[in-house]
Each structure stands twice: as C-alpha cells, then as structure tokens.
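Observations on chain architecture
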Amino acid sequence: MPKRFVLRAGAIVAASALVVIGAAGSASAHVTVSSPDAKPGGYAKLVFRVPTESDNTSTTKLVVSLPKDHPFASVGAQVKDGWKVEKKEEKLPAEVKVGDVTLTKAITTVTWTATAGGIPANDFDEFALSVGRLPDGVDSLSFPAVQTYSDGEVVKWSDVAKDGADEPEHPAPTLKLAAALTPVAATTSEGTSDTLARWLGAGGLLVGLIGLAFGLRPRRPASAPVEKQ
C-alpha cells in the first residue's frame with residue numbers, strides 16, 4: 001500500500017477520534033443533577049454528579065442549595081463513607097403550604113465534607129438526596145452548588161441558563177420536572193448537551209471513515225494514448 005495512503009488513513013482516523021472524545025468530554029464536566037423518579041407532586045431521589053476537573057487536586061467539599069421558593073417538607077441526605085454530611089435549616093420569609101403541611105422553616109442547604117481523600121483528580125462521585133414533595137406547576141428546579149478543591153479553589157455552579165442563550169460557564173444543576181416522568185427522561189440540560197455532542201462526534205467519525213474509504217480506493221491507471229495510423 002502506498003505510504004501516502006497510510007498517512008492519510010491515520011490522519012483521518014485520529015481527527016475523527018479527537019472529535020468524539022473532545023465533544024463528549026467538554027459537555028460532561030459540570031456538576032449536574034438528575035433523578036430516576038422525579039415527578040410534580042411526588043417524592044424523588046436527586047443525584048448530584050460531581051467531577052473533579054483537575055490533574056493534581058481533589059474535591060473535598062460540596063454544598064448544595066435547595067430552592068427556598070419551593071421548599072421541601074422532607075429532606076434525607078445520603079450517608080457516604082469518607083464524607084460528613086450536614087443539613088442546615090432556616091426560617092422561611094413566609095409560610096409555604098406543601099401538600100397537607102404548612103412550612104415555616106425548611107432545610108435550605110446540604111453539605112458533604114470529605115473526611116478522607118475526597119474525589120481524586122479527574123474522577124467523579126455522586127451524592128444523593130431524598131426529597132418531597134416536589135412542587136406542581138413548575139417546569140424545573142435549580143440547585144446552585146459550591147465545589148471546593150483541596151488546594152482551596154472554590155467553584156460556584158450557580159449561573160442560570162436563559163432561553164435562547166448559550167450555556168453559561170458555570171451552570172447551576174437544574175432538574176427538568178416536565179421531562180422526569182420516566183427514569184430515562186430524567187435528565188439535565190448537561191445531559192442533553194452530552195447526547196448531542198456524542199451524535200455530532202459519531203457523525204464526524206462516519207464522515208472520516210467514508211473519506212478513508214475513498215482515499216484508499218486504488219486509482220485506475222491512465223490509458224495509453226492510441227497511435228494514429
């Protein structure tokens with residue numbers, strides 16, 4: 001096989017792989033929230049996925065803020081080995097009726113603090129809450145989060161995405177209630193972006209492979225000129 005064909009094949013495959021890896025990686029590096037059973041008016045398990053976006057430090061603390069305008073009557077925090085969990089309760093500005101209960105105070109933040117090594121560099125972990133009841137007539141709930149690294153760096157995941165605008169740099173974990181009627185549909189905006197990125201990456205790989213097939217196709221030798229009699 002001619003050397004130029006081998007080099008062309010390697011370049012196409014490498015470029016296509018970088019499209020897939022880069023697109024998927026860039027879309028999955030946020031603190032996000034999802035739920036296998038969330039639906040308006042019911043109880044739900046909320047799962048916060050926390051990646052450590054660092055090559056040499058670990059995540060040692062996570063603070064999740066719960067919505068004060070739609071407080072939960074019940075909040076249970078996952079107990080994890082190597083982490084201390086703390087729930088903070090506050091008095092609400094006004095009484096809020098949640099189902100048959102009228103709340104004057106509610107849990108507004110949940111904090112997990114590492115007692116061992118935390119989440120290592122370039123790894124992730126998940127933290128869960130059991131909450132209820134979820135509000136009716138609400139499309140989504142935001143859960144601003146604060147992530148602390150072992151070197152003291154603090155990242156606030158609190159920006160709210162606006163309709164029609166690009167995703168902010170540090171989006172707040174957001175649960176789409178309207179899309180949470182089944183376990184498969186319980187995703188965040190990040191999850192949607194990640195799926196789109198994977199489809200785009202797969203498309204790029206397909207185009208690259210098609211180009212590879214044409215590039216490796218043997219060329220038809222040129223016909224010798226016919227001498228005139």
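This write-up is about the structure you can find in this document.

Counting secondary structure elements, the protein chain contains two helices and eleven strands. Going from N to C terminus, the protein chain has its helices and strands arranged as α-β-β-β-β-β-β-β-β-β-β-β-α. Going through the 229 residues of the protein chain one by one, you find that 35% of them count as buried. The long-range share in the protein chain, meaning contacts at least 24 apart out of those at least 6 apart in sequence, stands at 71%. Of the roughly 13,900 Å² that the protein chain leaves accessible, carbon and sulfur atoms contribute 56%.

Across the sheet, five strands lie side by side as β5-β6-β3-β9-β10; this open sheet has antiparallel pairing. Looking at the sheet topology across the chains shown, the edges are occupied by β5 (83–98) and β10 (154–157). Averaged over all adjacent pairs, the angle separating strand axes in this sheet is 15 degrees, with direction ignored. Pairing of strand β3 (residues 59–65) with strand β9 (residues 145–149) involves five bridges; the strand directions are antiparallel. By the bridge assignment for β9, Val-63 is matched with Val-146.

Glancing now at the pattern of salt bridges. With the rule as written, the count across this model stands at five salt bridges. Linking Glu-90 and Lys-88 is a salt bridge whose minimum nitrogen-to-oxygen distance equals 3.9 Å. Relative accessible area serves as the criterion here: at 45%, Lys-88 is assigned to the partly exposed category. Salt bridges here are not isolated pairs; linked through shared partners, they connect Lys-68, Lys-88 and Glu-90.

As for its placement among the helices and strands, Gln-147 is situated in strand β9. In this structure the C-alpha to C-alpha distance between Gln-147 and Thr-52, which are 95 residues apart in sequence, comes to 9.1 Å. When residues no more than four places from it in sequence are discounted, the contact partners of Gln-147 are Val-31, Val-50, Pro-51, Thr-52, Thr-59, Lys-61, Glu-153, Val-154, Val-155 and Trp-157.

Regular strands place side chains that alternate from one sheet face to the opposite one. Here β3 runs beside strand β6 (residues 101–114); their pairing, made up of five bridges, is antiparallel. Within β6, the residue paired with Leu-62 across the bridge is Trp-112.

Where burial is concerned, most of strand β2 (residues 44–51) is hidden: six out of the eight residues are buried. Both strand β1 (residues 32–34) and β2 contribute to a ladder of three bridges, which runs antiparallel. By the bridge assignment for β2, Ser-34 is matched with Val-47. Relative to strand β7 (residues 124–132), β2 runs antiparallel, the two sharing eight bridges. Pairing of Val-50 across the sheet is with Asp-125, part of β7.

Our next topic: the sheet that holds β7. The four strands lie next to each other as β1-β2-β7-β4, forming an open sheet whose pairing is antiparallel. Because the sheet does not close on itself, it has two edges, and the strands there are β1 and β4 (74–77). Here the average twist between neighbouring strands, direction ignored, is 25 degrees. For β4 and β7, the ladder comprises four bridges, and the chain directions are antiparallel.

We now examine the nonpolar core. By size, the foremost hydrophobic cluster in this structure holds 32 residues, and its most contacted members are Leu-46, Leu-66, Trp-112, Leu-129 and Phe-143. Elements that contribute at least two residues to this core include exactly β2, β3, β4, β6, β7, β9 and β10.

Summed over the entire model, instances satisfying the criterion amount to four aromatic pairs. Ring geometry for Phe-48 versus Phe-143: centroids 5.7 Å apart, planes at 80 degrees, classification edge-to-face. Of the two residues, Phe-48 is situated in strand β2 and Phe-143 in the loop between β8 (140–142) and β9; the sequence distance between them amounts to 95 residues. Accessibility expressed as a relative area gives 0% for Phe-143, which makes it buried. Ring centres of Trp-112 and Phe-127 lie 5.2 Å apart, and the angle between their planes is 50 degrees; this geometry places the pair in the tilted category. Of this pair, Trp-112 sits in strand β6 while Phe-127 sits in strand β7, and the two are 15 residues apart along the sequence.

So, how was this worked out
- Residues numbered from 1 in each chain as written.
- Predicted model: local features only at pLDDT ≥ 70, side-chain atom pairs only at ≥ 80, totals over all residues.
- Heavy atoms only, no water.
- Helix = DSSP H or I, 4+ residues; strand = E, 2+ residues; numbered from the N terminus.
- Buried < 20%, exposed > 50% of the residue type's maximum accessible area, 1.4 Å probe, protein only.
- Contact = heavy atoms within 4.5 Å.
- Areas by Shrake-Rupley, 256 points an atom, 1.4 Å probe, with all protein chains shown as cover.
- Pairing = 2+ DSSP bridges.
- Axes fitted to C-alpha atoms, helices over the stretch in contact; angles between N-to-C directions.
- Salt bridge = Lys/Arg side-chain N within 4 Å of Asp/Glu carboxyl O.
- Core = buried A, V, L, I, M, F, W, Y, C linked by side-chain atoms within 4.5 Å.
- Phe/Tyr/Trp six-rings, centres within 6.5 Å; stacked < 30°, edge-to-face > 60°.

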